[in-house]
Every structure is written in structure tokens, then in C-alpha cells.
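# Working through the structure, step by step
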Amino acid sequence: MINVGVLGATGAVGQRFVQLLANHPWFQLTTLTASERSAGKPYGRIVNWRLDAPFPEAVADRIVSPTTVEAVKDLDIVFSALPADIAGTLEAEIAEAGVIVCSNASSHRMDPDVPLLIAEINPDHIGMIELQHDSGRDGCIVTNPNCSTIMLSSSLVPLLPKQIESVTVATLQAISGAGFDGIPGMAICDNVIPYIGSEEEKMESEPRKILGSFNGAEIEQADFSISASCNRVPVIDGHMLSVWVKAGCDLNEAKKAYAEWRAPFSGLPTQPEETLHIFEEPDRPQTRLDRNRGGGMTVSVGRIREGIRYTAMGHNTIRGAAGSSVLNAELLKTKGYI
Ligand SMILES: NC(=O)C1=CN([C@@H]2O[C@H](COP(=O)(O)OP(=O)(O)OC[C@H]3O[C@@H](n4cnc5c(N)ncnc54)[C@H](OP(=O)(O)O)[C@@H]3O)[C@@H](O)[C@H]2O)C=CC1
Ligand SMILES: N[C@@H](CC(=O)OP(=O)(O)O)C(=O)O
């Protein structure tokens, strides 16, 4: 078994990691960390379990560690669900100590030697790890994109060969995206908030790295513009996107590209049968009905119509965070990095 830990194991993403890793066939969850407020106490006592999945009793008595290099330096992999302001320095120090860091935080996403990885979308970017090893880092950092960016980039990939010129996107994002203490109920009930700090900037930059090509030394970014407008809506989980794509194809060619696209590999434990599910019904995808498709790992796409316009939706803390990160680690194992 491969020994793994979760940094920030009590938060919205951290709890998803614990849920997904508790019975993982390859990874043994040995270490859970959180802030000084939680360290030294049994996980089952201090965690406020808020997921729509049963609490994994096997970790109830595990004593929460402080979030330090010392606490995780003997592990093979750590999954990071830390706030970005803490993750920057700490993740780099943990990677220097020889550990593989699979991170959800934004701190290292745009580093020139760090893969911004969605396993089925840009698996060859994993080669960027060699750049980190070349510069003397014993371990490495592999990052997940921003949660809305994962839905956008995954849903754009079938159209990539059709010469995308520009992308316009408007989001309807769930409140779990802001973390457990992110948005008070009084602010979001019966309301829509047309602002999510730094989200539009991330959506306009990260997909160009993800959908760019890696030539062995650097990423040549995808050559199209993105304009994003992000909104918070009162749903618990699931980010929905309305997308407009200017590309060199007509509607029939676009629909054919979606129907024919397949993930480049299959069979990893956390990989869904369908990375993309294409709906023909006029009123799908819907957040509540479709967010758990493929165990929360499938991105649903529908309403593909003249323009080209479509709707995409996925589970923000599973496909958009913890699930994608675990799948990235599974890919690392199959490629011999673990
Ligand atoms: N929510 C989402 O959909 C997504 C989140 N992300 C990113 O994932 C990361 C985690 O987000 P999320 O789970 O939502 O956040 P939460 O606020 O829900 O959880 C934060 C976690 O970090 C711990 N923590 C807070 N301060 C410290 C500290 N000073 N030292 C050590 N640990 C600390 C908390 O522990 P304690 O309980 O002890 O305070 C908790 O475990 C962020 O970087 C976020 O941007 C990325 C994609 C999607
Ligand atoms: N900002 C996203 C979630 C998130 O934390 O993203 P990032 O890791 O890029 O800051 C949301 O609110 O839905």
C-alpha cells in the first residue's frame, strides 16, 4: 500500500478526500492534518462532518496532526486542501522533503514547472515533474485547476481540434466552493451574488495552460481568449456553466466531436466510466439531478446548440477538487512516479 495523508482534512475539500481515501484500493490513509485548533485531538471528535455520505468510522480515532513538514515527511503522497495563503510555502517545503504533493490550492498552479493536471484531459503534462526533479526537488507538486476551470476545460476538449478562437462563460457556483465557513446563510439564502473573488481571473488564465501543449521544456499556451463572469447561487454542491465558443466548425461538426470524444485511458479506481456525459434532453444537465453522475466525477454537457453554445455542470468538491486530485495520483502511480 502507498501511505498518504490529507492536509486540511476537516474542511469542505478535506472531508471529500477522507471520504474518497477511506477505502481506496491502492492508498492507505495514515495521516490527517488541520490547524493548531484541531491538532492533537481525535478526528471523529473535532470534525464537523457535513457530507451527504456516511462518516468513515475507521478514521474516527485517528489523532489529527499539526500541518507541518515533520508530520508528513515519511509519507508517499499528501493531498492538500489547505487555504492558498498557507499552501504556498508549506507545499514547496514538503515536496523538497521528497513527498509527492497533490494540491487543490491555487498557490503553485501557474508555476512553469508544475503540472496543472486533469488526468483524462492533459495527461502528458505529467512530464513537467521532470523539470522539478531537474531543479533538485526530491518530491514534486502536482496541482488541480480551480473547480469551475475543471468543468470548463473538460467540456472544451472535444472542440480543441476545431480551432477555438474565443470562449465566453457565465457560471452558477455552489456555496460549498467557498469552504465551510465561506458564506453565511443570511448572505446566500434567497439570493444570487454576482462576484467570487479572483475566480474570473483564474478561469481566464488556467484553461490556456491546461489545454496548451507541453514540448518537454515548457507549456505553449492554448491560443484563444476567455471571458468569464462568475456568480454564487444557493445550491450546496455543483457548479453549472453557460458557455459560448467561437470555433471553426458548425453545429453538426461540434455535436459529432462531443459524441466521439473518449478519455485517453480507462480503468483507474477513481475514474468514471464517462469523463463527459452528453445530454440530448433540452432541460439537462441539472445540478441536483446530475452532480453525482459517475460518483461525482463525470462532467455533464447538454444544450449543445447553434453558436456554438452549451451548458456544462459538475460536482465542485469531487470532480472539481478531491476526486480529480486522487485520480491524478492514480495516474502518477501508473506512470511510475510512485
Ligand atoms: N471548496 C471547493 O469547491 C474547492 C476548494 N479548492 C481549494 O482547496 C483548498 C481548501 O478549500 P476548502 O476545503 O473549501 O476550505 P475550508 O475552509 O473548508 O477548509 C480549510 C482547511 O484548512 C485548515 N486550516 C485552516 N487554517 C489553517 C492553518 N493556519 N494551518 C493549517 N491548517 C489550516 C482547516 O482546519 P481547521 O478545521 O482546524 O480550521 C481546514 O481543514 C483551498 O485552497 C481552496 O481554494 C479548490 C477547488 C474547489
Ligand atoms: N473559488 C471556488 C473554489 C476555490 O476555492 O477555488 P480556488 O482553489 O481556485 O481558489 C468557488 O468559490 O467555487
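Rules used throughout
Residue positions within a chain follow its written sequence, with the count starting from 1. Chains carry letters from A onward and ligands carry numbers from 1 onward, assigned in written order. A pLDDT threshold of at least 70 governs which residues receive local features in this predicted model, and a stricter bar of 80 or more applies before side-chain atom pairs are shown or counted, although totals over entire chains, interfaces and linings include all residues. Remark: hydrogens and water are excluded; side-chain values derive from all non-hydrogen atoms of the structure. As used throughout, domain bounds are those supplied by an automatic or database domain assignment. The contact criterion used throughout is that any non-hydrogen atoms of two residues lie within 4.5 Å. Accessible area, probed at 1.4 Å, shrinks when two parts are joined; the buried area is that loss added up over both. Elements are defined by DSSP. Helices are runs of H or I of four residues or more, strands are runs of E of two residues or more, and each kind is numbered from the N terminus. Residues were grouped as follows: Ala, Val, Leu, Ile, Met, Phe, Trp, Tyr, Cys and Pro as nonpolar; Asp, Glu, Lys and Arg as charged; and all remaining residues, including Gly, as polar.

### Points about the domain arrangement of the chain
Segmentation of the chain into domains returns domain 1 (2-146 + 321-334) and domain 2 (147-315). For domain 1 and domain 2, the distance between their C-alpha centres works out to 23 Å. Counting residues at the interface gives 36 residues for domain 1 and 39 residues for domain 2. The largest per-residue losses of area from domain 1 upon contact with domain 2 belong to Glu120, Ile121 and Asn146, which jointly make up 26% of the total buried on that side. Of all the secondary structure elements, the ones that give two or more residues to the side of domain 1 that touches domain 2 are helix 1 (12-21) and helix 11 (318-334). Among the elements that make up the side of domain 1 that touches domain 2, the one with the highest residue count is helix 11 (7 residues). By residue class, the composition of the side of domain 1 that touches domain 2 is 16 nonpolar, 13 polar and 7 charged.

### Some details on the environment of Arg16
Tracing the backbone shows Arg16 in helix 1. For the pair formed by Arg16 and Thr287, sequence separation is 271 residues and the distance between their alpha carbons is 18 Å. Setting aside residues up to four positions removed in sequence, Arg16 forms contacts with Leu51, Asp52, Asp237, His315, Thr317, Ile318 and Ala322.

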